[in-house]
Amino acid sequence: MWLAAAAPSLARRLLFLGPPPPPLLLLLLSRSSRRRLHSLGLAAMPEKRPFERLPADVSPINYSLCLKPDLLDFTFEGKLEAAAQVRQATNQIVMNCADIDIITASYAPEGDEEIHATGFNYQNEDEKVTLSFPSTLQTGTGTLKIDFVGELNDKMKGFYRSKYTTPSGEVRYAAVTQFEATDARRAFPCWDEPAIKATFDISLVVPKDRVALSNMNVIDRKPYPDDENLVEVKFARTPVMSTYLVAFVVGEYDFVETRSKDGVCVRVYTPVGKAEQGKFALEVAAKTLPFYKDYFNVPYPLPKIDLIAIADFAAGAMENWGLVTYRETALLIDPKNSCSSSRQWVALVVGHELAHQWFGNLVTMEWWTHLWLNEGFASWIEYLCVDHCFPEYDIWTQFVSADYTRAQELDALDNSHPIEVSVGHPSEVDEIFDAISYSKGASVIRMLHDYIGDKDFKKGMNMYLTKFQQKNAATEDLWESLENASGKPIAAVMNTWTKQMGFPLIYVESEQVEDDQVLRLSQRKFCASGPYVGEDCPQWMVPITISTSEDPNQAKLKILMDKPEMNVVLKNVKPDQWVKLNLGTVGFYRTQYSTAMLESLLPGIRDLSLPPVDRLGLQNDLFSLARAGIISTVEVLKVMEAFVNEPNYTVWSDLSCNLGILSTLLSHTDFYEEIQEFVKDVFSPIGERLGWDPKPGEGHLDALLRGLVLGKLGKAGHKATLEEARRRFKDHVEGKQILSADLRSPVYLTVLKHGDSTTLDIMLKLHKQADMQEEKNRIERVLGATLLPELIQKVLTFALSEEVRPQDTVSVIGGVAGGSKHGRKAAWKFIKDNWEELYNRYQGGFLISRLIKLSVEGFAVDKMAGEVKAFFESHPAPSAERTIQQCCENILLNAAWLKRDAESIHQYLLQRKASPPTV
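Because the structure is predicted, anything quoted here is derived from the model rather than measured.

**Regarding unusual backbone geometry**
Each neighbour pair has its own omega, and for E180 with A181 the value is 10°, a cis peptide bond. By secondary structure assignment, the location of A181 is in the loop between strand 10 (171–178) and strand 11 (199–207). Although it is not a glycine, F74 adopts a positive phi angle of roughly 60°. As for its position among the elements, F74 is in the loop between strand 1 (58–70) and strand 2 (75–86). The class of F74 is buried, set by a relative accessible area of 18%. Located in the positive-phi region is D99, a residue other than glycine, with phi close to 60°. By the element assignment, D99 lies in the loop between strand 3 (90–96) and strand 4 (100–109).

Pasting the structure below:
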């Protein structure tokens, strides 16, 4: 499943793992900030709810399932005939069941008479039902029959309804599914645990003018005897699979199709009249399937794969085996109206979901504790796949900004969690669909791949997939396969990364000894609140690469740091050569250099002799050290000024993100305008070089960079950018010169930020007229830039209106909270005032966590952490408990950062104004 709310280039701005970290001049402040966490009760997660997995006495072999959805009354009828195995004599069967009414149930032992259940005991809290039988069910096989009814809900989970508008303007509903993690039980009674696998024979009774899809290909379609307007569609039997991967869709769709070179039928289903917009994803999918088949050396196991765009969809996409569901914006590309970042996002999401067809679907995690294995792996290999399909995207550099640094921001908090988390109750499962499972998981797999080498990694993957196909596996099983393939101590190394939270800060200093440099390395846990102050400091086994200015792209030395301190001798490294740790920013750690080593590295930023991903990593490490109070923020601002010659999109993107975090922090001061002047100074040279219009020979990354830079300058109020944005916006609205898709976000953002009620009205009109969801989302994400209080209120009201799809409300409210200091307060009040409606809409899913994170994490006053905590104590949101703890921690860290560094930042900005630097 893909969770990102936007294209990777936007992901960190929208998912914002938040402002800040930090406090401490010295341990004193560090301890005091931790005391505040404890005084607010934020330092430990609440107790886990009691939970038991299903008993093992009865298990399914095959589900024969027929469902008949009513697309007008929003109900469905179901008939289940499950071939089951009674392993231990019992007089009851316990299954998962939620929001379903069972009408009749019976069990017929093979060759014996049917026994009717005499009672259905629903345990709603645990989402279980116990079927009681008047006599004992003996060991052996039999058939469990259940007739039931349910609701096509509007919660975007289980079997639910999705609203769409036909080309003629009529509002209709499709019936669609989203079962991961624990919502198959809302569609049919089942053993809804990933390790309880079975085969499925699915039939759907649907209106004859509707498309009906499921995991497998259609094998029969015949009139339904009771109603001439309906047909019964039967699908082929699935392989052995987990319930969370079952899917069905009933609606109106067009499609485009092709065959992969391996002969798999690939289709992309689109809204009616938009088949053209499925062609890009079709091309990516057709290239991706053979890539994975070759990489894993295991063929794709099904005869077909469908990719379908769903109007109302909470996640980004879901990897249901053979029927992958997507948000429209994660699948559809309009050649004229889609921007470059949308193409890239579609490529990554298709790559992610198709990787799951092997890694997750063919071999499935044994329990949700190992979720990271699914998601971390897919989040890593999607980049490998896109790099193969689109080498011009420079996608691995983007990985560092989009995933690696995002994971480190979250994992530095006291309220982070290990990659592997023991989970039980369904509400706890939703909590771990976060940047640790996805982005840290992907980052440590990237580090592991680099440590092992591609050849042995592929060999180990093939061993793992072959051994466990159609079965379940745990993290240890993958380590064993990779260890056998590589001969390296994989389990010992990786357990330090998956079983404990956090990551190390490597401190390094150098001494010249004749012709060699001797490095002294030491590791301590990196904390967002400053130097680690605990008694027993965790330790990691860290694969470390070291490069020098002699060959910046090659590792001079690779070592495994398996102790708290170690010395390393670099042979034949002269005093005038720089030395850098973490070549390619692959190791999941931060580096703090001695002053002398850092000073020797900084010219490599200005003259570009450091590779782009290393320039990015160096800047990001320094920024994080400043947030943590280990170095001064002013020192980082000075380093940022050295990026004046920077040509690389991703380096600018990361720089932009960090300046955005700093701007949000300083919006709490009276010198916010001064940091905007700094932003303009840093970004105007690259803005002038790029200009507004594409030049011959430019490519994908130039388009991304232009949009980023113009948006940054426009938001900061750069006069020439603002004037040109207004001129182009006017031409766009009047139809004289339509804005290119890549310029729309920066222009919309700029005119709204510096506009009035007329500007907002025009934007809302453009939103209403937009035929494409990508354009609607583009507008929704920038509406929060407006500054006038009455307009902010109008945007918040709009967020909950019928005009905005339920899954997109979150980004509208989040945009308001991130747009300005007043917006932040207004968004928080709006959430409190409308909590009942918002919680009812998103409860139990990750969208409620994202809504809370986006809305409150930018605060920087101690008392706000207490207010947020108090609100959620009286308005519980179980699936967001950890997120709430993290947000409150970040608010306290922001407040400490502001107290510590605000004055020195202000003085530095005033000094720059008095004597501007020469570039």
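**Some words on the environment of E511**
Considering the arrangement of structural elements, one finds E511 in strand 23 (residues 504–513). Among the residues examined, E511 registers a relative accessible area of 39% and is labelled partly exposed. Along the chain, E511 and N572 lie 61 residues apart, while their C-alpha atoms are 13 Å from each other. Apart from the residues within four sequence positions on either side, E511 is in contact with D516, Q517, V518 and R520. Polar side-chain contacts of E511 include one of 3.4 Å to the side chain of R520.

**Here we look at the nonpolar core**
Grouped together as the largest cluster of nonpolar side chains are 309 residues, with contacts concentrated most on L131 and L521. Sequence-distant contacts of L131, defined by excluding residues within four places in its chain, comprise N91, Q92, I93, M95, I102, A105, A117, G119, F120, L144 and I146.

**Brief notes about the side chain of K197**
In this structure, K197 sits in the loop between strand 10 and strand 11. Buried charge without a partner: K197 forms no salt bridge, and the closest opposite charge is E366, 11 Å away. At 2.9 Å, the side chain of K197 forms a polar contact with the backbone oxygen of K471. Excluding residues that lie within four positions of it along the chain, K197 makes contacts with P60, V240, M241, S242, N361, L362, T364, Q470, K471 and N472.

**A few points about the sheet that holds strand 1**
Two pairing modes exist for strands in a sheet, parallel and antiparallel, and in both the strands are linked by backbone hydrogen bonds. As summarised here, the arrangement of the eight strands in space is 5-4-8-2-1-11-14-13, forming an open sheet in which the pairing is mixed. Every other strand in the sheet has two partners, leaving strand 5 (115–116) and strand 13 (218–224) as the edge strands with one partner each. Where strand 11 meets strand 14 (residues 227–235), five bridges bridge the pair, whose relative direction is antiparallel. Residue pairing in the sheet places L204 in a bridge with V233 of strand 14.

**Here's the deal with the sheet that holds strand 25 (residues 542–548)**
As summarised here, the arrangement of the three strands in space is 26-25-28, forming an open sheet in which the pairing is antiparallel. Whereas interior strands pair on both sides, the edge strands pair on one side only; in this sheet they are strand 26 (557–561) and strand 28 (579–581). With direction set aside, neighbouring strand axes in the sheet form an average angle of 25°.

**As for the UniProt feature "binding site: Zn(2+)" (unreviewed entry) in the protein**
On the UniProt side, "binding site: Zn(2+)" (unreviewed entry) is annotated at positions that read H352, H356 and E375 here. Of the residues just listed, which span 24 residues, no C-alpha pair is farther apart than 8.6 Å, and they cluster in one region. Mapped onto the elements of the fold, H352 is located in helix 4 (residues 340–356). For H352, a relative accessible area of 0% translates into the label buried. Among the polar contacts listed, one links the side chain of H352 to the backbone oxygen of M1, at a separation of 3.3 Å. Among the structural elements, H356 can be located in helix 4. In contact with H356, other than residues within four places in its own chain, are M1, E319, N361, N374, E375 and A378. Of note is the side chain of H356, whose polar atom sits 3.3 Å from the backbone nitrogen of M1.

**Points about the packing of aromatic side chains**
Tallied over the entire structure, the rule returns 47 aromatic pairs. Ring centres of F296 and W358 lie 5.7 Å apart, and the angle between their planes is 45°; this geometry places the pair in the tilted category. Of this pair, F296 sits in helix 3 (residues 279–296) while W358 sits in the loop between helix 4 and strand 21 (363–365), and the two are 62 residues apart along the sequence. On the basis of relative accessible area, F296 is assigned to the buried category, the value being 0%. By relative accessible area, which is 0% here, W358 ends up buried. Directly above the ring of F280 sits R343, whose terminal nitrogen or CZ lies 5.4 Å from the centroid. Seen from the ring of Y451, K488 lies directly overhead, with NZ or CZ sitting 4.6 Å from the centre.

Reading the values: the criteria
Residues numbered from 1 in each chain as written. Predicted model: local features only at pLDDT ≥ 70, side-chain atom pairs only at ≥ 80, totals over all residues. Heavy atoms only, no water. Helix = DSSP H or I, 4+ residues; strand = E, 2+ residues; numbered from the N terminus. Buried < 20%, exposed > 50% of the residue type's maximum accessible area, 1.4 Å probe, protein only. Contact = heavy atoms within 4.5 Å. Polar contact = N/O pair within 3.5 Å; in protein donor to acceptor, adjacent residues only side chain to side chain. Core = buried A, V, L, I, M, F, W, Y, C linked by side-chain atoms within 4.5 Å. Lys, Arg positive; Asp, Glu negative; His and termini not counted. Salt bridge = Lys/Arg side-chain N within 4 Å of Asp/Glu carboxyl O. Pairing = 2+ DSSP bridges. Axes fitted to C-alpha atoms, helices over the stretch in contact; angles between N-to-C directions. UniProt positions renumbered as here; feature names shortened; annotations may be inferred. Phe/Tyr/Trp six-rings, centres within 6.5 Å; stacked < 30°, edge-to-face > 60°. Lys NZ or Arg CZ within 6 Å of the ring centre and 35° of its normal.

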